[in-house]
Amino acid sequence: MAAHTPTSWAVTRRSGNDWPDVVTLSQEGVSLVIAGVGGWNTEEAKANACLIAAAPDLLAALEELLEWEISMAGLGHPRLDKARAAIAKARGHIAGEEA
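Quick caveat: nothing in here was measured; it's all calculated off a predicted structure.

**Focus on the overall build of the protein**
Here's step 1: On a plain count of helices and strands, the protein comes out with two helices and three strands.
Here's step 2: Moving toward the C terminus, one meets the helices and strands of the protein in the order β-β-β-α-α.
Here's step 3: Evaluated residue by residue, the protein yields a buried proportion of 17% over its 99 residues.
Here's step 4: Of the contacts made within the protein by residues no fewer than 6 positions apart, 32% connect residues no fewer than 24 positions apart.

Okay, structure coming up:
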(Lines give C-alpha, C1' and ligand atoms only; values in the text may rest on other atoms or scores of the structure.)
Protein backbone atom coordinates (compact mmCIF):
# COMPACT_ATOMS: atom_id res chain seq x y z
CA MET A 1 0.00 0.00 0.00
CA ALA A 2 1.25 3.48 -0.83
CA ALA A 3 1.78 6.00 1.94
CA HIS A 4 -0.93 8.58 2.63
CA THR A 5 -0.64 12.16 1.39
CA PRO A 6 2.15 13.48 3.62
CA THR A 7 1.07 17.08 4.22
CA SER A 8 -1.37 18.40 6.84
CA TRP A 9 -5.05 17.73 6.26
CA ALA A 10 -7.82 20.22 7.03
CA VAL A 11 -11.61 20.50 6.82
CA THR A 12 -13.18 23.00 4.45
CA ARG A 13 -16.33 23.52 2.41
CA ARG A 14 -16.45 24.20 -1.29
CA SER A 15 -18.40 27.27 -2.31
CA GLY A 16 -22.10 26.51 -2.55
CA ASN A 17 -21.77 23.16 -0.79
CA ASP A 18 -22.93 22.49 2.80
CA TRP A 19 -20.98 19.21 3.02
CA PRO A 20 -17.36 19.29 4.17
CA ASP A 21 -14.26 18.16 2.33
CA VAL A 22 -10.94 17.03 3.76
CA VAL A 23 -8.21 18.86 1.86
CA THR A 24 -4.46 19.30 1.79
CA LEU A 25 -2.15 21.69 -0.01
CA SER A 26 0.22 20.33 -2.62
CA GLN A 27 3.84 21.45 -2.71
CA GLU A 28 2.76 23.93 -5.38
CA GLY A 29 0.13 25.41 -3.01
CA VAL A 30 -2.82 23.87 -4.84
CA SER A 31 -5.70 22.66 -2.66
CA LEU A 32 -6.32 18.95 -3.22
CA VAL A 33 -9.47 17.19 -2.00
CA ILE A 34 -8.59 14.06 -0.01
CA ALA A 35 -12.24 13.13 0.60
CA GLY A 36 -15.72 14.52 0.22
CA VAL A 37 -17.44 13.61 3.48
CA GLY A 38 -21.08 12.84 4.21
CA GLY A 39 -23.18 11.82 7.16
CA TRP A 40 -26.78 11.72 8.27
CA ASN A 41 -26.69 15.52 8.56
CA THR A 42 -24.17 18.33 8.06
CA GLU A 43 -23.07 18.35 11.72
CA GLU A 44 -22.31 14.62 11.61
CA ALA A 45 -20.52 15.10 8.30
CA LYS A 46 -18.38 17.83 9.87
CA ALA A 47 -17.52 15.55 12.80
CA ASN A 48 -16.61 12.75 10.35
CA ALA A 49 -14.45 15.15 8.33
CA CYS A 50 -12.64 16.37 11.45
CA LEU A 51 -11.85 12.78 12.44
CA ILE A 52 -10.55 11.99 8.96
CA ALA A 53 -8.47 15.20 8.86
CA ALA A 54 -6.90 14.28 12.20
CA ALA A 55 -6.01 10.74 11.04
CA PRO A 56 -2.39 11.43 9.95
CA ASP A 57 -1.65 13.24 13.23
CA LEU A 58 -3.34 10.51 15.28
CA LEU A 59 -1.38 7.80 13.45
CA ALA A 60 1.94 9.58 13.99
CA ALA A 61 1.18 10.17 17.67
CA LEU A 62 0.15 6.55 18.22
CA GLU A 63 3.26 5.25 16.46
CA GLU A 64 5.49 7.52 18.57
CA LEU A 65 3.73 6.50 21.79
CA LEU A 66 4.04 2.80 20.95
CA GLU A 67 7.71 3.21 20.04
CA TRP A 68 8.36 5.09 23.30
CA GLU A 69 6.50 2.51 25.39
CA ILE A 70 8.46 -0.36 23.84
CA SER A 71 11.77 1.45 24.42
CA MET A 72 10.87 2.13 28.07
CA ALA A 73 9.36 -1.22 29.05
CA GLY A 74 10.77 -3.83 26.71
CA LEU A 75 8.42 -5.59 24.30
CA GLY A 76 5.33 -3.55 25.10
CA HIS A 77 2.27 -4.24 27.16
CA PRO A 78 -0.48 -6.55 25.84
CA ARG A 79 -2.96 -3.69 26.35
CA LEU A 80 -1.29 -2.02 23.38
CA ASP A 81 -2.69 -4.65 21.00
CA LYS A 82 -5.49 -2.24 20.05
CA ALA A 83 -2.89 0.40 19.20
CA ARG A 84 -0.98 -2.09 17.06
CA ALA A 85 -4.21 -3.14 15.32
CA ALA A 86 -5.17 0.49 14.64
CA ILE A 87 -1.74 1.22 13.18
CA ALA A 88 -1.94 -1.89 10.99
CA LYS A 89 -5.41 -0.85 9.77
CA ALA A 90 -4.18 2.65 8.95
CA ARG A 91 -1.18 1.19 7.11
CA GLY A 92 -3.46 -0.95 4.93
CA HIS A 93 -3.07 -4.34 6.58
CA ILE A 94 -6.36 -6.20 6.29
CA ALA A 95 -7.20 -8.91 8.82
CA GLY A 96 -6.92 -12.36 7.26
CA GLU A 97 -4.63 -11.24 4.45
CA GLU A 98 -0.88 -11.76 4.33
CA ALA A 99 1.22 -8.62 4.71
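**Examining the sheet that holds strand S2 (residues 20-25)**
Here's step 1: Reading across from one edge, S1-S2-S3 is the order of the three strands in this open sheet, with antiparallel pairing throughout. Here the strands that pair on one side only, and so sit at the sheet edges, are strand S1 (10-13) and strand S3 (31-36). Mean inter-strand twist for the sheet, computed between neighbouring axes without regard to direction, equals 45°.
Here's step 2: Sheet topology note: the S1/S2 ladder contains four bridges and is antiparallel.

**Quick notes on a nonpolar patch on the surface**
Here's step 1: A surface patch of nonpolar side chains, about 370 Å² in accessible area, is lined by Leu 65, Trp 68 and Met 72.
Here's step 2: A residue is classified by how much of its surface remains accessible, and Met 72, at 59% relative accessible area, is exposed.

**Points about the environment of Leu 80**
Here's step 1: Considering the arrangement of structural elements, one finds Leu 80 in the loop between helix H1 (42-73) and helix H2 (81-90).
Here's step 2: Along the backbone, Leu 80 and Glu 69 are 11 residues apart, and their C-alpha atoms lie at a distance of 9.2 Å.
Here's step 3: If we ignore the near neighbours within four places in the chain, the residues touching Leu 80 are Leu 66 and Glu 69.

Here is what the cut-offs are and how they apply
- Residues numbered from 1 in each chain as written.
- Predicted model: local features only at pLDDT ≥ 70, side-chain atom pairs only at ≥ 80, totals over all residues.
- Heavy atoms only, no water.
- Helix = DSSP H or I, 4+ residues; strand = E, 2+ residues; numbered from the N terminus.
- Buried < 20%, exposed > 50% of the residue type's maximum accessible area, 1.4 Å probe, protein only.
- Contact = heavy atoms within 4.5 Å.
- Pairing = 2+ DSSP bridges.
- Axes fitted to C-alpha atoms, helices over the stretch in contact; angles between N-to-C directions.
- Patch = residues over 30% accessible without salt bridge, like charges linked within 9 Å, V, L, I, M, F, W, Y side chains within 5 Å.
- Areas by Shrake-Rupley, 256 points an atom, 1.4 Å probe, with all protein chains shown as cover.
- Salt bridge = Lys/Arg side-chain N within 4 Å of Asp/Glu carboxyl O.

This is a description of form; function is not addressed.
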